[in-house]
Amino acid sequence: MIDGLIMIVLILIKLGVIFAVIMTMAAYLVLAERKILARMQLRHGPNRVGPFGMMQPLADVIKLLTKEDFLPDRADKWLFLLAPGMAAVTAILTFAVVPFGPPLQVFGHELPLVVIDLNVGVLYFLGLSSLAVYGVALGGWASNSKYSLLGGIRGLAQLISYELSMGLALVPVVMLARSFSLTDIVLAQQAAPFILVNPLAFLIFLVSVVAESKRTPFDMPEAENELVGGFHTEYSGMRFGLFFVGEYINLVILSSMVTVFFLGGWLGPLLPGVIWFGVKVLALCFFFIWVRGSLPRLRYDQLMHFGWKILLPLALLNVLLTGAVLLWSRT
Amino acid sequence: MLENYLPVLVLIGIAVAFAVGSVVMSGLIGMKKPSAVKLAPYECGMPLVGSARERFSVKFYIIAMLFILFDIEAVFLYPWAVMFKRLGMFGFVEMGVFIAILLVGFIYVWKKGALEWE
């Protein structure tokens, strides 16, 4: 009974801390992105609010909260309400399975540094990541605006282009780790991170992940210079904020997933595990920002061709290749 | 077994509360001055042309149908991948045959031009 109570309290504390960390990371990632992009374009970026613009996220939140929150004419009220929620909630939920450190010892209890180590973690991640597209599709349709509709349709086109190769790129990881649990996957990389064992799967997964994050060069659903704001053209105030927060949380999540699946998660010499995990995730976040600062946008039929004619066959062959190598190395 | 998912349930609660809470907050704090022009869908300030609720030709619907097929086939790979070591050579050959059939279908679809638009 007491044990159960302690368990629940621990879970609540963990959830609270994780939620706070995600929110802060998402908020400051926005600032970091604006700063880094600005530097890449020889500008200064936000530097008025607080020292070095450090209070900018706070100012943004206040601005979003005090903006008018309106429903466009003839928009579908409930879907319009639901869509940004879908985007933010699915992004936050994925964090439940991310292991960000080795288990800690607290008061004689073993405290795993993961909200819940589901034995179907990989499937949970893939499921939620495909649910996230509902936010884009429903929001785009419900707004009753042509720009939004086009954005929503592009979002769907994007999903059916990258999702297959993203899923298939994880099959070799599961084969190597022999488990769907993300903790087991990290532990299986003690000898060598999977990026060295299976670099092709890493590359396929990385490209798919950039497409999943809906950022340049795959930001067709938003494409601000052709579709205004894409699927969130008609959104204002905190509902736009939810889309925005969802996108940046998603960025953190996807970086964590790449870290867990291919970069050895929290494993690393000398420093404590949590720090290694943080460093890897932040490096990947920087990589995503860098990509955004360097590459032009593709057309969505180009992405579709790329996904179906290059990534998918490669991913399928990689599954067979991994299997053959695993069998050969055993005998 | 099922109580393993309790934290997920709590997290759903927190996430939904956050989403609903922030929208409600902004509804309470934000100003409200709706006008017919402001509520009209944005079209660069020009008068609206037609409606967004018209039929829109989705060029990629065949690919969307193929996606469902291939996605289901990808789902078959997961249980096999977990059990790969235990299934050994037998499992590998069997999945090789499965993927070969998949690839034949894929090449057929490709050559038929289903992956092209129009």
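Residues numbered from 1 in each chain as written. Chains lettered and ligands numbered in written order. Predicted model: local features only at pLDDT ≥ 70, side-chain atom pairs only at ≥ 80, totals over all residues.

1. A word on the overall build of chain B
Stage number 1. Scanning chain B for helices and strands turns up four helices and zero strands.
Stage number 2. Reading the secondary structure of chain B in the N-to-C direction produces α-α-α-α.
Stage number 3. For chain B, the spread of C-alpha atoms along the three principal axes comes to 70 × 50 × 15 Å.
Stage number 4. Counting only residues that meet the buried cut, chain B has 16% of its 118 residues in that class. (Helix = DSSP H or I, 4+ residues; strand = E, 2+ residues; numbered from the N terminus. Buried ≥ 20, exposed ≤ 12 C-beta atoms within 10 Å, placed from the backbone.)

2. Let's talk about the nonpolar core
Stage number 1. Formed by 122 residues in total, the largest nonpolar core has its most connected members in Val174, Phe205, Val252, Val258 and Phe261 of chain A.
Stage number 2. Element by element, the count of residues in this core is highest for helix 6 (residues 146-177) of chain A, at 20 residues.
Stage number 3. Setting aside chain neighbours within four positions, we find Val174 of chain A in contact with Val122 and Phe180 of chain A together with Tyr78, Ala81 and Val82 of chain B. (Core = buried A, V, L, I, M, F, W, Y, C linked by C-beta atoms within 7 Å. Contact = placed C-beta atoms within 7 Å.)

3. Here we look at the packing of helix 6 of chain A against helix 3 (residues 61-82) of chain B
Stage number 1. As a packed pair, helix 6 of chain A and helix 3 of chain B sit with axes 10 Å apart at the nearest point and diverge in direction by 10 degrees. Our classification of the angle between helix 6 of chain A and helix 3 of chain B gives roughly parallel. Together, Ile160, Leu164, Gly167, Leu168, Val171, Val174 and Met175 of chain A of helix 6 of chain A and Ile63, Ala64, Phe67, Phe70, Asp71, Ala74, Leu77, Tyr78, Ala81 and Val82 of chain B of helix 3 of chain B make up the contact between the two elements.
Stage number 2. When the residues that make up the contact of helix 6 of chain A with helix 3 of chain B are grouped by side-chain class, the tally is 15 nonpolar, one polar and one charged. (Axes fitted to C-alpha atoms, helices over the stretch in contact; angles between N-to-C directions. Parallel < 35°, antiparallel > 145°, perpendicular 65-115°, else oblique. Nonpolar A, V, L, I, M, F, W, Y, C, P; charged D, E, K, R; others polar.)

4. Focus: the packing of helix 1 (residues 2-40) of chain A against helix 11 (residues 237-262) of chain A
All names here are of chain A.
Stage number 1. Closest axis-to-axis distance for the helix 1/helix 11 pair is 9 Å, and the angle between their directions is 105 degrees. Relative to helix 11, helix 1 is oriented roughly perpendicular. Here helix 1 contributes Ile22, Met25, Ala26, Leu29 and Val30 to the contact with helix 11, which in turn contributes Val245, Tyr248, Ile249, Leu251 and Val252.
Stage number 2. Taken together, the residues of the contact of helix 1 with helix 11 break down into 10 nonpolar, no polar and no charged.

5. Side note on the confidence of the model for chain A
Stage number 1. Looking at chain A, pLDDT values average 83 and 98% of them are 70 or higher.
Stage number 2. When mean pLDDT is taken per element in chain A, helix 9 (residues 199-212) of chain A scores highest with 89 and strand 2 (residues 109-111) of chain A scores lowest with 68. (pLDDT = per-residue confidence, 0-100.)

6. Let's talk about helix 2 (residues 56-66) of chain A
Residue and element names in this part refer to chain A.
Stage number 1. Considered for burial, the residues of helix 2 that qualify are Gln56, Pro57 and Leu64. Across the axial projection of helix 2, the buried residues extend over an arc of 95 degrees, all falling on one side. Away from its buried face, by an angle of more than 90 degrees, helix 2 presents the exposed residues Leu58 and Ile62. (Arc of directions from axis to C-beta.)

7. As for the interface of chain A and chain B
Stage number 1. Between chain A and chain B, the contact holds 59 residues from the first and 52 residues from the second.
Stage number 2. At the level of secondary structure, the elements contributing two or more residues to the side of chain A that touches chain B comprise helix 1, helix 2, helix 3 (77-94), helix 6, helix 11 and helix 13 (300-330) of chain A.
Stage number 3. The element that contributes the greatest number of residues to the side of chain A that touches chain B is helix 6 of chain A, accounting for 12 residues.
Stage number 4. For the side of chain A that touches chain B, the per-class residue count stands at 37 nonpolar, 12 polar and 10 charged.

8. Some words on helix 1 (residues 6-29) of chain B
Stage number 1. Helix length check: helix 1 of chain B (24 residues) gives 34 Å between terminal C-alpha atoms against 34 Å at 1.5 Å per residue, within 8%.
Stage number 2. Restricting attention to buried positions, one finds in helix 1 of chain B the residues Pro7, Leu11, Ala15, Ala19, Ser22, Val23 and Ser26 of chain B. (Expected span 1.5 Å × (residues − 1).)

9. Some words on the environment of Met304 of chain A
Stage number 1. Note on placement: Met304 of chain A falls in helix 13.
Stage number 2. Here Met304 of chain A falls in the buried class, since 22 other C-beta atoms lie within 10 Å of it.
Stage number 3. With 102 residues separating them along the chain, Met304 of chain A and Phe202 of chain A place their C-alpha atoms 20 Å apart.
Stage number 4. Apart from the residues lying within four places of it in its own chain, the contact partners of Met304 of chain A are Ala157 and Ser161 of chain A together with Phe60 and Ile63 of chain B.

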